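Here's the letter readout for the chains.
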Amino acid sequence: MSNWRIRDFHSSDLDGILHLWESLKADGVEPVYALSEVLASCEKDHAVVAVQGDQVVGAAVGRAAHDQGWIVFLATLTEFRGRGIGTSLLSAVENRMAPHGLNKLSALMPETETRVEAFLGRGFVVKKNLRYFERTIPVQRQELGALGLLGGRILARDLWENVAGMRREKELLERRLVLPLAEADLADEYGVVPPRAVVLFGPPGTGKTTFAKAIASRLEWPFVEVFPSRLAADPKGLAGALRETFLEIAELEHAVVFIDEVEEIASQRAGDPPSPLQGVTNELLKIIPAFREQPGRLLVCATNFIRALDTAFLRHGRFDYVIPIGLPDVHAREAMWQRFIPATVVDSVDIAQLVERTEGFSPADIEFAARSASQRALEKAVYDDGGSGLASNGRKGPVTQDYLDAIADTRTTVSPEVHQDFLEDIDVLGRV
Ligand SMILES: Nc1ncnc2c1ncn2[C@@H]1O[C@H](COP(=O)(O)OP(=O)(O)OP(=O)(O)O)[C@@H](O)[C@H]1O
Ligand SMILES: [Mg+2]
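The rules behind each value
Residues numbered from 1 in each chain as written. Chains lettered and ligands numbered in written order. Predicted model: local features only at pLDDT ≥ 70, side-chain atom pairs only at ≥ 80, totals over all residues. Heavy atoms only, no water. Helix = DSSP H or I, 4+ residues; strand = E, 2+ residues; numbered from the N terminus. Expected span 1.5 Å × (residues − 1). Buried < 20%, exposed > 50% of the residue type's maximum accessible area, 1.4 Å probe, protein only. Contact = heavy atoms within 4.5 Å. Axes fitted to C-alpha atoms, helices over the stretch in contact; angles between N-to-C directions. Left-handed = near helix turned anticlockwise from the far one by under 90°. Nonpolar A, V, L, I, M, F, W, Y, C, P; charged D, E, K, R; others polar. Domains from an automatic or database assignment. Pairing = 2+ DSSP bridges.

(A) View of helix α9 (residues 208-219). Spanning 12 residues, α9 covers 17 Å between terminal C-alpha atoms, matching the ideal 16 Å at 1.5 Å per step. Of the positions making up α9, those classed as buried are Lys 208, Phe 211, Ala 212, Ala 214, Ile 215, Ala 216, Ser 217 and Leu 219. Check the buried side of α9 and you find it contacts α6 (159-162), α7 (167-182), β6 (197-201), β7 (223-226), β8 (255-259) and β9 (297-303). Looking one or two residues beyond α9, the residue adopting positive phi is Glu 220, at roughly 60°.

Next up, the structure:
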């Protein structure tokens, strides 16, 4: 029974490949390349099969990457082993890849794979001092197109760590949002229904947008910001464009969808004649329940005027949490100053004093003061003081006084009245 032969792969061999794959798994081998990748390579790269009659009894699949080739799949049915089929398959796939001018051919095998004679037979050498690392990139390549059309993007991975201070808010978001979304299966076992929509509210510049992006980064989900002002220009009108945008978002596997200044499209539906935005508010009220039915996504709305929102909008069942993001406390301000002062001078600046002097400052105010301190210190060092480029202490970089001056010149964005309103809003409307 040795009348097997090797030939090129045809689409009709897919079932045979599947069968080979299953027989590998049945033998306890967990292949390195996913089945979908192997099948894609069968169609697009280089694949050969060994057949006996109509039956596929073995296959080798290879892929060229620059001048290195990779064997992504090699298998022979158990009952056909020991006949040199594997070696012949390797040789055939190598020939198919030869036109690429490869100078190395590599293969990764799971440790459980003991049948390596075919590789040894073709002159492959086992490299003993290697380890295999893998990280799954959550967004499918094919989604990038759809994501691009929506203006969505994958954010840097470190945004969550880069949110300075705000420990209370971070912990709350980590527990209520990130945990059940990132550990969806575990949450399910505990009967936790993952959140689908949240509102972040608070005075200007406290970090609502920063947090929305940080959540996306933490979850490794794409970030899609919906801009009502841009949609308003759509010939279908704002309500129609909003509906369409959410239909497109439904096509994505994962997304953090962000609507900033949501009060602009979800304000109180009062007044006679009704405001032209009423239709838009109604549309949004319809969109949210549909959005909530799809797993793997989170809607984050932000506002610094939560009292203006339509009461129906904030109702239970639409938004899981209504989370206040307030002014930074002492610890948060200290963390921010540590972040904003250049590392080369941070140990020589009296941070405790800056923290004390910036009570009532928002993160945006602190960032602004830190930047203007740097700017004025640079100017002073270059244009004043004989233009030495050095500060008064003989070093390069801002000194405590530069920061104190900049703080004194910074007008805080959040007035005491606005802050008082915010504290009331937490009591009346907050829901964590
Ligand atoms: N915790 C933080 N650590 C470091 N920087 C921060 C932090 N929070 C906010 N910032 C910075 O402060 C600025 C304002 O933050 P952000 O835009 O997120 O505020 P916001 O609440 O969305 O403001 P608005 O209500 O005006 O939209 C940004 O430049 C941001 O980088
Ligand atoms: Mg914002």
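What follows picks up the thread again.
(B) Spatial organisation of the packing of helix α1 (residues 14-26) against helix α2 (residues 35-44). One way to put it is that α1 packs onto α2 with a least axis distance of 11 Å and a crossing angle of 145°. By crossing handedness, the relation of α1 to α2 is classed as right-handed. Only Leu 35, Val 38, Leu 39, Cys 42 and Glu 43 of α2 make contact with α1, whose side of the interface consists of Leu 14, Ile 17, Leu 18 and Trp 21. Tallied by class, the residues present in the contact of α1 with α2 amount to 8 nonpolar, no polar and 1 charged.

(C) Summary view of unusual backbone geometry. The phi angle at Glu 220 is positive, at roughly 60°, despite the residue not being glycine. Relative to the helices and strands, Glu 220 is located in the loop between α9 and β7. For Glu 220, a relative accessible area of 24% translates into the label partly exposed.

(D) Structural context of the domain arrangement of the protein chain. You can read the domains of the protein chain as domain 1 (5-121), domain 2 (143-327) and domain 3 (330-413). Distance from the C-alpha centre of domain 1 to the C-alpha centre of domain 3: 62 Å.

(E) Representation of the sheet that holds strand β3 (residues 55-65) in the model. Reading across from one edge, β1-β2-β3-β4-β5 is the order of the 5 strands in this open sheet, with mixed pairing throughout. In this open sheet, the two edge strands, each paired with only one partner strand, are β1 (5-8) and β5 (104-107). With strand direction ignored, the average angle separating the axes of adjacent strands in the sheet is 25°. Pairing of β3 with strand β4 (residues 68-76) involves 8 bridges; the strand directions are antiparallel. When the sheet's bridge partners are listed, Arg 63 is paired in β4 with Trp 70. Against the sheet, α1 makes contact with β2 (46-52), β3 and β4, and its axis sits at roughly 80° relative to β4, the strand it touches most.

(F) Inspection of the sheet that holds β7 at higher detail. If you trace the 5 strands from one edge of the open sheet to the other, you get β7-β8-β9-β6-β10, paired in parallel fashion. Strand pairing shows two members of the sheet lacking a second neighbour, β7 and β10 (321-324), which therefore form its edges. Within this sheet the neighbouring strands show an average axis-to-axis angle of 25°, counted without direction. Here 5 bridges tie β8 to β9, and the two strands are oriented parallel to one another. Directly across from Val 257, in β9, lies its bridge partner Leu 299. The strands touched by α7 within the sheet are β6, β9 and β10, with β10 carrying the most contacts at an inclination of about 155°.

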